[in-house]
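# Analysis of the macromolecular model
Listed here are the chains, written in short residue letters.
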Amino acid sequence: MWRVIIVDDDKKVCEGIQKIIINAELNFEVVGMAFNGAEGYEMALETKPDLIITDIYMPKATGIEMIQALREQKVESEVIILSGHSEFKHARDALKLNIREYLSKPTSRKTLIKTLEDIDTHLTNQHNESEHLLNYKNQLKTYTKNATEDLLQNTVKGLINYDNLSATQERIIRNWPQHFYLPIRFNFSVDYEANSKYSNTMLHFGIENIINELSQTLNFKFFYVILDATNFVLLLKYDHETDASSSFDKSINLTANTLGEFFQTNFDYDFGQLANTWEETIDNIQNLLFNFEYELDSDTFSNFKNELSSAIRQMNIEMVKKSIVEFFTNLKRHNYIYSRGFNIALDMFTILKYELGILNINIYKYLDDDNLLHTLVSFDSWNELQQFFYQLIKKMESEPVFEDNVKHTRLVQDVIEYIDKNIHTRFTLIEIADELYISRNYLGKIFKDKMNITFNEYVTRTRIEKARKKLLTGDYMIYEVAESVGFDNPAYFTAVFKKVTGYSPSKLLQDTKN
């Protein structure tokens with residue numbers, strides 16, 4: 001209901017108007033009655049009514065003087081003047097004070113009710129318009145905040161093309177110097193058992209809501225910029241440079257503690273530098289990220305880099321892909337941190353670029369985006385990073401050095417299968433080469449390069465190893481074992497066996513029986 005006060009030096013008039021309002025069940029509530037202009041002025045300041053019904057001539061202050069004083073105090077209540085005919089001239093002067101209605105005394109009940117109903121309609125429309133305008137302003141404010149946060153996030157990750165900005169983005173950057181900004185990087189580790197009902201998106205949604213509530217209590221404005229699953233930047237916004245005082249540390253500490261208690265985890269934070277230009281703000285945020293020290297098993301990463309380099313030098317693309325998969329499988333036990341992922345990705349790319357360059361492979365021709373940093377900062381998980389490097393290597397399978405290596409690997413596998421299948425017979429490399437339609441010398445070179453041992457040495461060691469296993473069973477005589485692994489002469493077999501193992505077949509049989 002609309003709040004109304006009645007001001008008239010005639011008490012019966014005040015009570016009569018109040019009775020009409022009550023009996024007609026109008027949408028008004030009389031919150032006070034005053035009997036002179038001075039009392040009416042104080043009552044209006046105290047009760048802040050939507051409507052004032054007042055006479056003109058009253059003790060201490062006229063109705064016009066009272067309304068004029070209230071207007072000076074920014075009281076914009078609707079006003080109905082009740083006046084006798086002889087006061088009409090003064091009533092006309094009062095219209096300059098934005099008086100809603102002028103009614104002559106005595107006024108009829110019907111006229112007063114109709115006037116009040118009209119004012120009720122006017123106040124309702126005005127309220128709806130104000131509410132609509134307020135909603136519009138709030139929606140615009142929310143839209144602008146969301147657009148700013150998206151722009152900040154994409155800019156920090158290198159995903160913004162300044163030559164192709166939207167009108168909203170241009171306006172945000174253009175108006176940026178009107179305020180000052182202080183970035184604070186927050187990092188948290190997630191206890192998924194304690195927070196099993198939250199996804200990464202829900203966690204950030206909950207965090208931002210809590211910070212929003214705290215900001216209203218602690219009186220600060222902010223932008224919330226999500227970096228990855230466990231990192232975000234709280235960008236504080238100030239109207240003046242002096243507003244960003246060091247005493248604000250307590251508020252941020254309270255924010256971190258509140259978040260930690262709610263999500264049952266630690267929230268660590270670091271302050272950046274104050275800035276008021278867009279470029280400086282972005283630089284400050286990125287400096288916060290890339291200077292962040294992270295814990296990572298240095299031995300694990302060092303071993304991986306050695307494995308990766310070795311696999312490339314061996315031109316073994318399958319081993320390269322395997323190393324990448326195993327390394328990231330291990331990394332997935334840790335939370336993905338934006339700065340950590342970026343630094344690892346940069347190190348990996350540097351190794352690949354160097355080692356592949358030795359093989360005369362230009363890694364850049366396999367990138368979908370010429371801007372390497374743009375690519376590396378766009379990832380939000382270990383999975384995405386693994387897929388990037390895995391697919392990058394996969395594209396290189398057609399490179400001659402890798403293609404030849406795959407063919408050579410298959411050739412060597414074919415040779416080994418032939419050896420295993422025919423171990424009980426005598427054969428030569430020439431026979432195998434003829435079956436594989438390749439020259440003897442070339443096959444011998446490929447075999448040695450892959451196995452780090454000559455063909456003949458491998459055959460001999462394989463024959464002796466199979467013989468040793470049979471002798472260990474105790475079920476065979478020495479000559480039987482010799483024949484089963486391709487030796488026609490038991491004495492020659494014994495000599496070769498001792499040369500390879502360091503002991504004779506008979507000594508092995510004796511030790512087995514004992």
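Now for a description of the structure that goes with this document. Along every chain, residues carry numbers that run from 1 in the direction the sequence is written. Only residues with pLDDT of at least 70 get local features here, since the model is predicted, and only at 80 or more are side-chain atom pairs given and counted; chain-wide, interface and lining totals rely on the full set of residues. Each side-chain value is derived from all of the structure's non-hydrogen atoms; neither hydrogens nor water enter the calculation.

### Let's talk about helix α21 (residues 505–513)
Partly exposed describes any residue whose relative accessible area lies between the buried limit of under 20% and the exposed limit of over 50%, with all areas from a 1.4 Å probe on protein chains only and scaled to the type maximum. Only DSSP runs of H or I covering at least 4 residues are called helices, and only runs of E covering at least 2 are called strands; the numbering of each starts at the N terminus. Along α21, the residues classified as buried are P505, L508 and L509. One side of α21 carries all its buried residues, which in axial view fall inside an arc of 100 degrees. Those residues of α21 that are buried lie in contact with α18 (455–473), α19 (478–484) and α20 (490–501). Think of the arc as the fan of directions from the helix axis to the C-beta atoms. Note on contacts: a residue pair qualifies if any of its non-hydrogen atoms lie within 4.5 Å across the two residues.

### A short note on the layout of surface pockets
Lining residues are defined by having an atom within 4 Å of a point belonging to a cavity or pocket. Those points lie on a 1 Å grid over the protein atoms alone, cavities being sets where a 1.4 Å probe fits but cannot get out and pockets being open sets with protein on both sides within 12 Å along at least five of seven lines. Grid points are joined across faces, edges and corners, and a volume is the space filled by probe spheres set on the points. One number sums up the size of the largest pocket: a volume of about 940 Å³. For the largest pocket, the lining is made up of 28 residues, of which K141, K145, F222, F223 and K237 are closest to its centre. Among the secondary structure elements, those contributing two or more residues to the lining of the largest pocket are α5 (109–156), α6 (167–175), α7 (200–218) and β7 (221–228). In terms of residue count, the dominant contributor to the lining of the largest pocket is α5 (nine residues). Residues of the lining of the largest pocket, tallied by class, amount to eight nonpolar, 13 polar and seven charged. Each residue gets one of three labels, nonpolar for Ala, Val, Leu, Ile, Met, Phe, Trp, Tyr, Cys and Pro, charged for Asp, Glu, Lys and Arg, and polar for the others, Gly among them.

### Points about the sheet that holds strand β6 (residues 180–188)
For two strands to pair, DSSP has to find at least two bridges joining them. Strands sit in the order β7-β8-β6-β9 across an open sheet of four strands; the sheet is antiparallel. Edge positions in the open sheet fall to β7 and β9 (267–271), since each of these has one partner strand only. Within this sheet the neighbouring strands show an average axis-to-axis angle of 25 degrees, counted without direction. Where β6 and strand β8 (residues 231–238) come together, eight bridges link them in antiparallel fashion. The residue bridging F186 from the neighbouring strand is F232, located in β8. What counts as an axis is a line fitted to C-alpha atoms, over the stretch in contact for a helix, and the angles between N-to-C directions run from 0 to 180 degrees.

### Quick look at the packing of aromatic side chains
Note on aromatic pairs: the rings of Phe, Tyr and Trp (six-membered ring only in Trp) are paired at centre separations within 6.5 Å, and the planes decide the class, stacked below 30 degrees, edge-to-face beyond 60, tilted for the rest. Scanning the entire structure with this criterion turns up 25 aromatic pairs. A connected cluster of aromatic rings, assembled from ring pairs, spans F186, F188, Y224, F232, F262, F263, F267, Y269 and F271. Remark: a charge is flagged as sitting over a ring if the NZ atom of Lys or the CZ atom of Arg is within 6 Å of the ring centre and within 35 degrees of the ring normal. R426 extends its terminal NZ or CZ atom over the ring of F487, reaching a point 5.6 Å from the ring centre. Here the guanidinium or amino end of K470 rests over the ring plane of Y476, the centre of that ring lying 5.4 Å away.

### Some remarks on the packing of helix α11 (residues 317–331) against helix α14 (residues 382–394)
Remark: α11 packs on α14, axes separated minimally by 10 Å, with the N-to-C direction vectors making an angle of 175 degrees. Taken together, the axis directions place α11 and α14 in an arrangement best described as roughly antiparallel. Note on element contacts: α14 touches α11 through W382, L385, Q386, F389, Y390, I393 and K394, opposite I317, V320, K321, I324, V325, F328, T329 and L331. Among the residues forming the contact of α11 with α14, the class breakdown is 11 nonpolar, two polar and two charged. For classification purposes, an angle smaller than 35 degrees is called roughly parallel, one larger than 145 roughly antiparallel, one from 65 to 115 roughly perpendicular, and anything else oblique.

### Comments concerning the packing of α18 against α20
Where α18 meets α20, the axes come as close as 10 Å, and the angle between the chain directions of the two elements is 95 degrees. Relative to α20, the element α18 is oriented roughly perpendicular. Taken together, the residues of α20 that come into contact with α18 (itself represented by T460, I464, A467, R468 and L471) are F493, V496, F497, V500 and T501. Its residues assigned to classes, the contact of α18 with α20 comprises seven nonpolar, two polar and one charged.

All we've got here are geometric facts, nothing functional implied.
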